[in-house]
Amino acid sequence: IPAKPKPKNRSLTIAGIAFLLVSAGFFSYYFINQDMIDSQIMDNTEFKSIEEKMAIHYGVGEFGSDHTHAAIAVFIDDVQLNFGLPVFQLQSKYIHLESNNPFQIHKHATGVPLDMLFSSFGMNLSSECIGTAHNSREHCINSENSLVFLINEKIYSDITTYEIKNNDRILISYGDPEDVTMQLRYLDSLEIHDPPRQNKLVPGKDFSV
């Protein structure tokens, strides 16, 4: 007389069959819906770069939808930040400094705020403090030092959401407010080159003027 299967072996057999059925169902679902699942993964903001997230947040236009130039100067205790250094150059495709130029901003899309420029090279900016990833010390307003934001000599309390216009001149000054006058003179002396205009004879080509 054949021996009856032990209850333990029977339970293991049932569990194994159940596992195979669940696995088969899972893989069938994945292969049937693979395109939808992959699309959801690609749309997950965790997989996007900081710049892409910011572009979505601010509703930035397509790259090439604008080309605007402006000048910027940032002073901390009357010492100018050198944006001509490689760590500050071409850090964003939408708004950046290039060609080792230490002051001229290039904006290449509509809807791009200054916040994207500052974030691209690690500058923390608020109405009361300024600091960069390349300067571990944060500089905040106190009884002796002010933080001034000027665009075309007009005072702003916050410029992070400001979108530059052609030939804007932007000054950020932390320190003795008495230094601002001389810093503005320096900023006004900078030559902002006009953006290249579209060559009507050869579509898609630019030339500098």
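The residue numbering used here restarts from 1 in each chain and proceeds along that chain's sequence as written. Thresholds applied to this predicted model are a pLDDT of at least 70 for local features of residues and 80 or more for the giving and counting of side-chain atom pairs; totals over whole chains, interfaces and linings are not thresholded and use all residues. Excluding hydrogens and water, the side-chain figures rest on all heavy atoms present in the structure.

*Asks:* Describe the state of the cysteines, with residues and values.
*Replies:* The criterion for a disulfide is a pair of cysteine sulfur atoms lying within 2.5 Å. Taken as a whole, this structure holds one disulfide when the rule is applied. The side chain of Cys129 participates in a disulfide bridge whose partner is Cys140; the two sulfur atoms lie 2.0 Å from each other. Where Cys129 bonds to Cys140 through sulfur, the torsion about that S-S bond is close to 110°, and the disulfide is right-handed. In this pair, Cys129 is assigned in strand E6 (residues 129–132) and Cys140 in strand E7 (residues 135–140), connecting sequence segments eleven residues apart. The partly exposed category is assigned to Cys140, whose relative accessible area is 27%. Helix and strand assignments follow DSSP, with helices taken as H or I runs no shorter than four residues and strands as E runs no shorter than two, numbered in order from the N terminus. Only protein chains enter the accessibility calculation, which uses a 1.4 Å probe; a residue is then buried when its area is under 20% of its type maximum, exposed when over 50%, and partly exposed in between.

*Asks:* Please give an account of the nonpolar core that cites residues and values.
*Replies:* What we call a nonpolar core is a set of buried Ala, Val, Leu, Ile, Met, Phe, Trp, Tyr and Cys residues that are connected through their side-chain atoms within 4.5 Å. Counting 33 residues, the largest nonpolar core has Phe83, Leu114, Leu117, Phe118, Ile159 and Ile172 as the members making the most contacts within it. Contact criterion: two residues are considered in contact whenever any of their non-hydrogen atoms come within 4.5 Å of each other. Setting aside anything within four residues of it in sequence, one finds Ile159 in contact with Leu114, Phe118, Leu125, Phe149, Ile151, Ile170 and Ile172.

*Asks:* Help me get a handle on helix H5 (residues 180–189), residues and values and all.
*Replies:* Helical geometry: 3.6 residues make up each α-helical turn, so side chains three or four residues apart lie on a common side. Within H5, burial applies to Val180, Gln183, Leu184 and Leu187. Seen end-on, H5 carries its buried residues on one side only, within an arc spanning 100°. Along H5, the residues that are exposed and aim more than 90 degrees away from the buried face are Met182, Arg185 and Ser189. Among the structural elements, strand E1 (68–76), strand E8 (146–151) and strand E10 (168–175) are those in contact with the buried residues of H5. Here the arc refers to the directions that run from the helix axis out to each C-beta atom.

*Asks:* Let's hear about the pairing of E1: which residues, and what values?
*Replies:* Among the nine residues in E1, nine count as buried, and that is most of the element. Between any two strands, pairing holds if DSSP finds at least two bridges. In this structure, E1 lies alongside strand E4 (residues 104–107), joined through four bridges in antiparallel fashion. Residue Ala71 lies in a different strand from E4, and its bridge partner there is Gln104. With seven bridges joining them, E1 and E10 adopt parallel strand pairing. Across the sheet, residue Ile72 finds its bridge partner in E10, namely Ile170. Relative to strand E2 (residues 79–80), E1 is paired through two bridges, and the arrangement is antiparallel. In the strand pairing of E2, Ile76 is matched with Val79. Between E1 and E2, which pair antiparallel and follow one another directly, the connecting turn spans two residues, one of which, Asp77, has a positive phi of 55°.

Nothing here speaks to function; it is geometry throughout.
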